[in-house]
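Inside the fold
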Amino acid sequence: MSAPDEEVARLRAEVDELRARLSASPPGTDEREADHGRAGWWRTPLVTVLVVLGALTAPLSVVATWAHDEIGDSDRYVETVAPLAAEPAIQGAIADAVTTVIVTNLRIEDVTSDALSALSQQSFIPPRAAPLLPALAVPLSNAVEQFVRDTVERVVQSDAFEEAWVTANRTAHESAVAVLTGKGTDRIAIQDGEVSVNIGSIVETAKQLLVDRGFALAERIPEVDATFVLFASDDIGQAQTWFSWLETSARVLPVLGLVLLATAVLVARDRRRALLAAALAVAVSMVLLGLVLNLVRPLYLDAVPDDVLPAEAAAVVYDQLIGFIRTALRAVLVVALAVAVTAFLLARAGPGAAIRTGAAGLAARLRERSGIRRGPVSTFVATYRNGVRGAVVGIAVLWYVMLDHPTGGSALLIVVLAVLGIVVVEVVAGPRTAAPVVTDPVSSRPPPPPSPPTG
């Protein structure tokens, strides 16, 4: 065998060996090789502990932020309680309370009974009718009470009542402090596990309307110190203790949670998988927080006596007070799921890589069909593709952080716009520069010249 033939045979043997090695390499080999320098048995348990602690901190951060805002932000408090004025259950409960105060102070049943008894003794009353007059005391007092009730309902269902409710709550923002810290005021009283709001001004308004409607007896209503129970619980002292702790740590818990999760990602052998696990753990913690709120609700409603606060009104107050917790947990849930999906798509092999490759191919086809020609902008974006992607993500994160109280809807909108921004980047940048095609050194070598015939 000639020397050229020996060289060709050697090269072919090397190519066959390389192909065999490549085909024998299991999926994810590159990923494991990239993490080969991050060995250490302690990494996995440490990352697990950090992720669990970070996930537990997430719901506490949401509740702590809510607690802090209810105390320190008058606008947030007014935003919380203002819709209660339009709730039929609250209007009905306040109407019942005001009606009871008016009827009790006027002693309508006693007054009606005395009036009918005195009337029955008058000489101009027919003898057969006189004994029947006292029996009319109950139906007549019921009719008067219903008249009072109708008048009070006019007050609590009017636009003026809603405006007065907002104004009163804004000027009495300490009511939120009273509910959650136990510090009563002249407008808020806390006694025996009940938080009561003074409704004397509503009684006075109803009194004036009764007089205007011709019910002169209402002028005898004195100035009363009537109250309406807003919240009732035997465990309010324990709740106030928890709230005080959460309100104090409102600015520490979110930072601590982020530090724990970031440390877990940095320490992990596989940072992508650690990021995926951390995001899913936070998402699960938000779901569990929602479940806890739903479980506490019936327990609280069962503990409130109906004669103190009707169940329907108590449910409305509870839902309104914890409404912003639900809003915040939905916002965090959306962001956590978005991070989890991103970590999944960053995989070097498997379904995530396949989806990412397919999306890149779709973006390339969109660019080809759009007729966008490569120009200075397209060249710049293609050259600094990763930097532009980072800028899009950074703007989305900054937008989310700058929102005072992000909701699930606003978080979802930011995520969708960020995805659309990355798609635009891919379309404008166009396909990556094609890598040079590596040909088989054997097949690319020109064929050897034919050997001369032997004589």
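Residues numbered from 1 in each chain as written. Predicted model: local features only at pLDDT ≥ 70, side-chain atom pairs only at ≥ 80, totals over all residues. Heavy atoms only, no water.

1. Observations regarding the overall build of the protein chain
- Along the backbone of the protein chain there are 20 helices and three strands.
- Residues counted as buried form 36% of the 455 residues belonging to the protein chain.
- Considering only contacts in the protein chain between residues 6 or more positions apart, those separated by 24 or more positions represent 78%. (Helix = DSSP H or I, 4+ residues; strand = E, 2+ residues; numbered from the N terminus. Buried < 20%, exposed > 50% of the residue type's maximum accessible area, 1.4 Å probe, protein only. Contact = heavy atoms within 4.5 Å.)

2. Thoughts on the side chain of T151
- With respect to the helices and strands, T151 occurs in helix 7 (residues 137-156).
- Residue class for T151 comes out buried when judged on its relative accessible area of 0%.
- In this structure the side chain of T151 is engaged in a polar contact, spanning 2.6 Å, whose partner is the side chain of R213. (Polar contact = N/O pair within 3.5 Å; in protein donor to acceptor, adjacent residues only side chain to side chain.)

3. Description of the environment of S201
- Among the structural elements, S201 can be located in helix 10 (residues 200-212).
- For S201, a relative accessible area of 52% gives the class exposed.
- Distance in space between the C-alpha atoms of S201 and E223 is 9.3 Å, their sequence separation being 22 residues.

4. Overview of the environment of V339
- Residue placement: V339 occurs in helix 15 (residues 323-345).
- According to the relative accessible area criterion, V339 is partly exposed, its value standing at 30%.
- Leave out the neighbours within four places in its chain, and V339 touches L275 and A279.

5. Things to note about the packing of helix 5 (residues 88-106) against helix 10
- Two elements in contact, helix 5 and helix 10, have axes separated by 10 Å at closest approach and are oriented at 65°. When the interaxial angle is binned, helix 5 and helix 10 end up roughly perpendicular. As for how helix 5 packs across helix 10, the hand of that crossing is right-handed. Across the interface between the two elements, I94, V98, V101 and I102 from helix 5 touch I202, V203, A206 and L210 from helix 10.
- For the contact of helix 5 with helix 10, a count of residues per class yields eight nonpolar, no polar and no charged. (Axes fitted to C-alpha atoms, helices over the stretch in contact; angles between N-to-C directions. Parallel < 35°, antiparallel > 145°, perpendicular 65-115°, else oblique. Left-handed = near helix turned anticlockwise from the far one by under 90°. Nonpolar A, V, L, I, M, F, W, Y, C, P; charged D, E, K, R; others polar.)

6. Examining the pattern of salt bridges
- This structure, assessed with the given rule, holds four salt bridges.
- Between E153 and R149 there is a salt bridge, with its nearest N and O atoms 2.8 Å apart. Taken together, the residues span about one helical turn, with E153 and R149 both in helix 7 at a distance of four residues.
- Overall, E153 belongs to the partly exposed group, its relative accessible area being 24%.
- Put simply, D270 and R273 hold a salt bridge, and the shortest N to O gap is 3.2 Å.
- On the basis of relative accessible area, D270 is assigned to the buried category, the value being 14%.
- Taking relative accessible area as the criterion, R273 reaches 53% and is therefore assigned exposed.
- Overlapping salt bridges bring together D96, R149 and E153 as one network. (Salt bridge = Lys/Arg side-chain N within 4 Å of Asp/Glu carboxyl O.)

7. Points about the nonpolar core
- Counting residues in each nonpolar core, the largest one holds 71 residues, and the members touching the most others are I94, V98, I102, V152 and I202.
- With 11 residues, the single largest contributor to this core is helix 5.
- Leave out the neighbours within four places in its chain, and V152 touches A95, V98, T99, I102 and A206.
- Counting residues in hydrophobic clusters, the runner-up holds six residues, among them A396, Y400, A411 and A418. (Core = buried A, V, L, I, M, F, W, Y, C linked by side-chain atoms within 4.5 Å.)

8. Structural notes on the packing of aromatic side chains
- Under the counting rule described, the total for this entry stands at two aromatic pairs.
- Taking 5.8 Å as the distance between ring centres and 25° as the angle between the ring planes, the aromatic pair formed by Y300 and Y318 counts as stacked. Of this pair, Y300 sits in helix 13 (residues 271-303) while Y318 sits in helix 14 (residues 311-321); the two residues are 18 residues apart in sequence, bridging distant segments of the chain.
- On the basis of relative accessible area, Y300 is assigned to the buried category, the value being 9%.
- A relative accessible area of 8% places Y318 in the buried class.
- Judged by centre distance (5.0 Å) and plane angle (45°), the ring pair of F380 and Y384 falls under tilted. (Phe/Tyr/Trp six-rings, centres within 6.5 Å; stacked < 30°, edge-to-face > 60°.)

9. Here's the deal with a nonpolar patch on the surface
- Where nonpolar side chains cluster on the molecular surface, the patch consists of W399, L412, L413, V416, L417 and L420 and spans about 530 Å² of accessible area.
- Considering every element that reaches the nonpolar patch, the biggest residue donor is helix 19 (residues 408-429), with five residues.
- In this structure, L420 sits in helix 19.
- Given the relative accessible area of 47%, L420 is considered partly exposed. (Patch = residues over 30% accessible without salt bridge, like charges linked within 9 Å, V, L, I, M, F, W, Y side chains within 5 Å. Areas by Shrake-Rupley, 256 points an atom, 1.4 Å probe, with all protein chains shown as cover.)

10. Structural notes on the confidence of the model for the protein chain
- Overall, the predicted model of the protein chain reaches an average pLDDT of 74, with 67% of residues at or above 70.
- Summarising per-element confidence for the protein chain, the mean pLDDT is lowest in helix 2 (residues 29-34) (46) and highest in helix 12 (residues 253-267) (90).
- For residues 24-34, every residue scores under 50 in pLDDT, and the model assigns this stretch nine contacts once sequence neighbours within four places are set aside.
- This model gives residues 432-444 a pLDDT under 50, and the stretch forms nine contacts once residues within four places in sequence are excluded. (pLDDT = per-residue confidence, 0-100.)

11. Let's talk about the packing of helix 12 against helix 13
- Closest axis-to-axis distance for the helix 12/helix 13 pair is 7 Å, and the angle between their directions is 155°. By the angle between their axes, helix 12 is roughly antiparallel relative to helix 13. Helix 12 and helix 13 meet at a crossing whose hand is right-handed. For the pair helix 12 and helix 13, contact is made by L261, A264, V265 and L266 and by R271, A274, L275, A278 and V282, respectively.
- Taken together, the residues of the contact of helix 12 with helix 13 sort by class into eight nonpolar, no polar and one charged.

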